[in-house]
Amino acid sequence: MFEVKVISTGRYVPENIVTNDDLAKFVDTNDEWISDRTGIRERRISKEENTSVLAAKAGEKALEESNLTPEDIDLIIVATATPDNFTPSTACMVQEKLGAMNATCFDVNAACTGFIYATGIASQFIKTGQSKNALVIGAEVLSKIIDWEDRNTCVLFGDGAGAVVLQRSEEVGLISQYTGSDGTGGKFLACGTVPLKNPYIDGKDDFNGKLSMDGREVFRFATKVMIQCINKVLQDTEYTLNDIKYIVPHQANLRIIDFVGKKLKIDEERFYINLDKYGNTSGASIPIALDEMNKEGLLQKGDKIILVGFGGGLTFGAHLIQWQ
Ligand code: ACO
């Protein structure tokens, strides 16, 4: 078995900044409510760029930093719950845009946990020798599935993309990972799509491609599984929470992160937080945060960090990483 390390990161967010005050112009809300309950102050909302465009731009930046050529990439996985199409996959569209013609390409849908799942899958490809250089991207245009009349949800989300290049390595980069799912909670965070309709049935269902959420249930679930995931990736390793320089959580809501910090007795500064600028970008939130940390020089070789996500499905997971 081979080891796996992160060799580069990238991100791309749409230019259009939408503040809480901007939202208050068309939905009954205000900056104070949104900031106090979530920590979100603004988000990026795409005007013309769909998910594959954001994904390709983030992927291109990670590729540039890696010093690899597009032809060196042999695997592209895009984590997204908001693909451009049913088919082709977003990953195949990214392949075409980047000219990465030696890559096997597919999408993974685990909602906000998508990047954690996709990184886990890519690492298995690398560990078993099937891949050497994998481009893993989390990309979302959530604005196209948001119900812009529902103040319970439309204030929470944003659009964006983040990417990493994972490479076969002699040194340990991914120390451990943990993932799980609970399909019984799918209804708490859902978005339908084209209904079952064909000449053989009475297709009465209407198109239901808008996001709905039970905020309290999601809060309960998120706080429980974040703690579970952090404990699980440390279990059976030589490390404890004290060895972890940063926790990079899925950027859903500051109150979720605060709650977990208090329970685990982790100082706020050890959580990397950027949700004030981007809102919840689902599968893109962790790689966007990772790229910001990388570019800000917060990560040194040997640092241990935990990436932890939770989301629709329900899904959850974490990686314990040693930065290389
Ligand atoms: N602006 C103003 N008022 C609002 C807004 C808004 N945007 N949204 C809801 N309200 C109102 C409600 O209508 C309600 O009014 P009422 O008392 O007159 O009925 C009041 O605020 C309180 O509503 P609650 O739902 O009880 O608010 P709560 O304190 O639970 O906070 C929140 C809602 C922030 C969504 C919370 O439940 C939460 O943090 N949930 C976690 C969900 C989450 O973060 N999801 C992110 C996406 S999921 C993911 O990434 C996996």
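Residues numbered from 1 in each chain as written. Predicted model: local features only at pLDDT ≥ 70, side-chain atom pairs only at ≥ 80, totals over all residues. Heavy atoms only, no water.

Turning our attention to the UniProt feature "domain: Beta-ketoacyl-[acyl-carrier-protein] synthase III N-terminal" (unreviewed entry) in the chain. UniProt records the feature "domain: Beta-ketoacyl-[acyl-carrier-protein] synthase III N-terminal" (unreviewed entry) for residues 106-183 in the present numbering. As annotated, residues 106-183 comprises 23% helix and 37% strand, and the C-alpha atoms at either end are separated by 22 Å. (UniProt positions renumbered as here; feature names shortened; annotations may be inferred. Helix = DSSP H or I, 4+ residues; strand = E, 2+ residues; numbered from the N terminus.)

The subject of this paragraph is the sheet that holds strand β13 (residues 315-322). Strand order in this open sheet of four strands is β8-β13-β12-β11, and the pairing throughout is mixed. The sheet is open, and its two edges are formed by β8 (174-181) and β11 (244-249), each paired on a single side. Averaged over all adjacent pairs, the angle separating strand axes in this sheet is 10°, with direction ignored. In the sheet, strand β12 (residues 304-311) pairs with β13 via eight bridges, with the strands oriented antiparallel. (Pairing = 2+ DSSP bridges. Axes fitted to C-alpha atoms, helices over the stretch in contact; angles between N-to-C directions.)

Moving on, we come to the state of the cysteines. Linking two cysteines covalently through their sulfur atoms gives a disulfide. Tallied over the entire structure, the rule returns zero disulfides. We note that Cys105 lacks a disulfide partner, and the nearest cysteine sulfur, in Cys92, lies 4.8 Å from it. With no disulfide of its own, Cys191 has Cys112 as its nearest cysteine by sulfur position, at a separation of 12 Å. Of the residues examined, Cys191 reaches a relative accessible area of 34% and is grouped as partly exposed. (Disulfide = S-S within 2.5 Å. Buried < 20%, exposed > 50% of the residue type's maximum accessible area, 1.4 Å probe, protein only.)

With that settled, the discussion passes to the pairing of β12. The buried count for β12 comes to eight of eight residues, which makes it a mostly enclosed element. Residues Lys304, Ile306, Val308 and Phe310 line one face of β12 and the alternating positions Ile305, Leu307, Gly309 and Gly311 line the opposite face, and both faces are buried. Examined bridge by bridge, β11 and β12 share five bridges and lie parallel to one another. Looking at β12, one finds that Tyr246 is bridged to Ile305. Counting the residues between successive antiparallel strands, the hairpin from β12 to β13 contains three residues, one of them, Gly313, with a positive phi of roughly 140°.

It is worth spelling out the side chain of Ser131 at this point. For Ser131, the position within the fold is in the loop between α5 (114-127) and β6 (133-140). The class for Ser131 is buried, based on a relative accessible area of 2%. In this view, Ser131 contacts Asp74, Leu75, Phe125, Ile126 and Arg168; residues no more than four positions away in its chain are not counted. (Contact = heavy atoms within 4.5 Å.)

Time to look at empty space enclosed by the protein. Under the definition given, this model contains one cavity of 30 Å³ or more. Approximately 30 Å³ is the volume attributed to the largest cavity. In terms of lining residues, the largest cavity is bounded by Val6, Phe115, Thr119, Val164, Leu166, Leu174, Leu290, Leu307 and Ile321. When residues of the lining of the largest cavity are traced back to their parent elements, those giving at least two are α5 and β7 (160-169). For the lining of the largest cavity, the residue count by class is eight nonpolar, one polar and no charged. Domain assignment of the residues forming the lining of the largest cavity places at least three in each of domain 1 (3-170) and domain 2 (175-322). (1 Å grid on protein atoms, 1.4 Å probe; cavity = no way out; pocket = protein on both sides within 12 Å on 5 of 7 lines; lining within 4 Å. Points joined across faces, edges and corners; volume = space filled by probe spheres on them. Nonpolar A, V, L, I, M, F, W, Y, C, P; charged D, E, K, R; others polar. Domains from an automatic or database assignment.)

Read from one edge of the open sheet, five strands run β1-β7-β6-β4-β5, paired in mixed fashion. Every interior strand has two partners, whereas the edge strands, β1 (3-12) and β5 (104-108), have only one. Along the sheet, successive strands turn relative to each other by an average axial angle of 20°, direction set aside. Relative to β7, β1 runs antiparallel, the two being bridged by nine bridges. Pairing of Ser8 across the sheet is with Val165, part of β7. The strands touched by helix α3 (residues 51-66) within the sheet are β1, β6 and β7, with β1 carrying the most contacts at an inclination of about 125°. Against the sheet, helix α10 (residues 285-295) makes contact with β1, β6 and β7, and its axis sits at roughly 95° relative to β1, the strand it touches most.

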